[in-house]
Amino acid sequence: MARTVKPHPLSKSQARQIWLHAQRLDAEAPFGNGPEATRAAIEHLGYVQIDTINVIERCHHHILFTRIPEYRREHLRQAQTVDKTVFEYWTHALSYLPTRDMPFFIGDMRRYGQSKKNWYAAVTRGELRKVLGRIRRNGALTIRDIDDDELIEKDHEWASRKPSKRALQLAFYTGVLTVSERLGMLKTYELMDRHFAWEKRPRPATARAILAYLLDRALRAQGIVSLDSICFQDAKRKPAMLRLIESRVRRKELVPVKIEGAEKAAHWVAPEALDVAAEAAAKSVHILSPFDPLIIQRKRLKLFFDYEHRFEAYVPKEKRVFGYFALPVLVGDAIVAAIDLKTDREQEKLLVQKWNWVGTGSPKQNKAPIEEALHRFERFQLAR
């Protein structure tokens, strides 16, 4: 009979410190600066989410700026288009991913092409041949380069009326095309093999290797992991993931932990992560995107930080509490405010729509450092 390993107790403060260190939110410039920092940050985090909302800077730039003080938008373009060290694909959402991790997504691309239930199943072979033939002959293109479409009725709220756009998106999700450049939300599509100059496409990783990859990625970027945090929006993998975790616990590569206030919820850490728990949290200030990896898993955020974030962009105005696009503010290891911001690009100002104090942080002590962080954030927002 296998011996049950007694969980190591952790206070919430210790648990937060481990997670913040894993997210590299406890250091000034953890990835350095310059274009290489962008590649390093995405490789460490595992993915950086992309979103279309443009009330302030788009979230992929915002997430990178949070961890790279001297980040510039052209650094991400260089990584994607010139160095080709990152690519776009789906995790729990559309994201930037490290190109080194491509084998773990090739299988998903193949399966998407074989599925009869995907959003783009209505794309005809003729429509697909038309756009792919054009790219093979003339090179990479954007949807704006196609002006001969006959518009069709939309069959889904998010669908396009342009058959060519649907065909491009289907070819993207099946791995025939990749996004070789992005300007705002305008994507340039290129043949994936040609973009990466592959003579032979990478072999897809095995199911076993993918499980190990997902666990290792979560341990690296989250520090403390649970089945929910590893398999975020991917519940079907939980049984196999639990077996992998249990095997690592038996080999003493993982330690079960019991977090204060959540003793019944199973969590695990790598043994070396427990050393981080003894360190004091730095008093740095971060204005976080609502799509930041620290924020996006709402139940985990509530457990660790006693803070329940509300994303209210799609909530009727009269029912909003924090505001249309509220950003959580992290000071040290506590979320102390949620500030609804908007960038007025014509007047070149960052507008504070609403300032909400949350948690137990002291407004008197925190207001000045938060205002200083807002000024830095404004300079980044308005940089040309």
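Structure shown above.
The text that follows walks through the structure, step by step, so that each part is easy to find.

Quick notes on the side chain of R217
Stage number 1. Inspection of the secondary structure puts R217 in helix α9 (residues 207-222).
Stage number 2. Of the side chains bearing the opposite charge, D101 lies closest to the buried R217, which forms no salt bridge; the N-O distance is 6.1 Å.
Stage number 3. When neighbours within four sequence positions are excluded, R217 is seen to be in contact with L45, G46, Y47, T91, L97 and F105.

Thoughts on the sheet that holds strand β3 (residues 86-90)
Stage number 1. The antiparallel open sheet is built from 3 strands, whose spatial order is β2-β4-β3. The sheet is open, and its two edges are formed by β2 (48-49) and β3, each paired on a single side.
Stage number 2. Pairing analysis gives 2 bridges linking β2 to strand β4 (residues 94-98), with the strands arranged antiparallel. In the strand pairing of β4, Q49 is matched with S95.

A few points about the sheet that holds strand β8 (residues 262-269)
Stage number 1. Taken in spatial order, the 3 strands line up as β1-β7-β8 in an open sheet, and their pairing is mixed. The open sheet is flanked by β1 (8-10) and β8, the only strands paired with a single partner. On average, each strand axis in the sheet is inclined to that of its neighbour by 35°, with strand direction left out of account.
Stage number 2. Where β1 and strand β7 (residues 255-259) come together, 3 bridges link them in parallel fashion. Across the sheet, H8 pairs through a bridge with V257, a residue of β7.

Notes on the pattern of salt bridges
Stage number 1. Within the structure shown, the criterion is met by 22 salt bridges.
Stage number 2. Notably, a salt bridge pairs E312 with R310, separated by 2.4 Å at the nearest N-O pair.
Stage number 3. Residue E312 is classed as buried on the basis of its relative accessible area, which comes to 1%.
Stage number 4. The exposure class of R310 is partly exposed, given its relative accessible area of 35%.
Stage number 5. One network of salt bridges, with partners in common, ties together E36, R39, E43, R100 and D101.

Cut-off values and rules
Residues numbered from 1 in each chain as written. Predicted model: local features only at pLDDT ≥ 70, side-chain atom pairs only at ≥ 80, totals over all residues. Heavy atoms only, no water. Helix = DSSP H or I, 4+ residues; strand = E, 2+ residues; numbered from the N terminus. Buried < 20%, exposed > 50% of the residue type's maximum accessible area, 1.4 Å probe, protein only. Lys, Arg positive; Asp, Glu negative; His and termini not counted. Salt bridge = Lys/Arg side-chain N within 4 Å of Asp/Glu carboxyl O. Contact = heavy atoms within 4.5 Å. Pairing = 2+ DSSP bridges. Axes fitted to C-alpha atoms, helices over the stretch in contact; angles between N-to-C directions.

Fair warning: the whole summary comes from geometry, so function is off the table for now.
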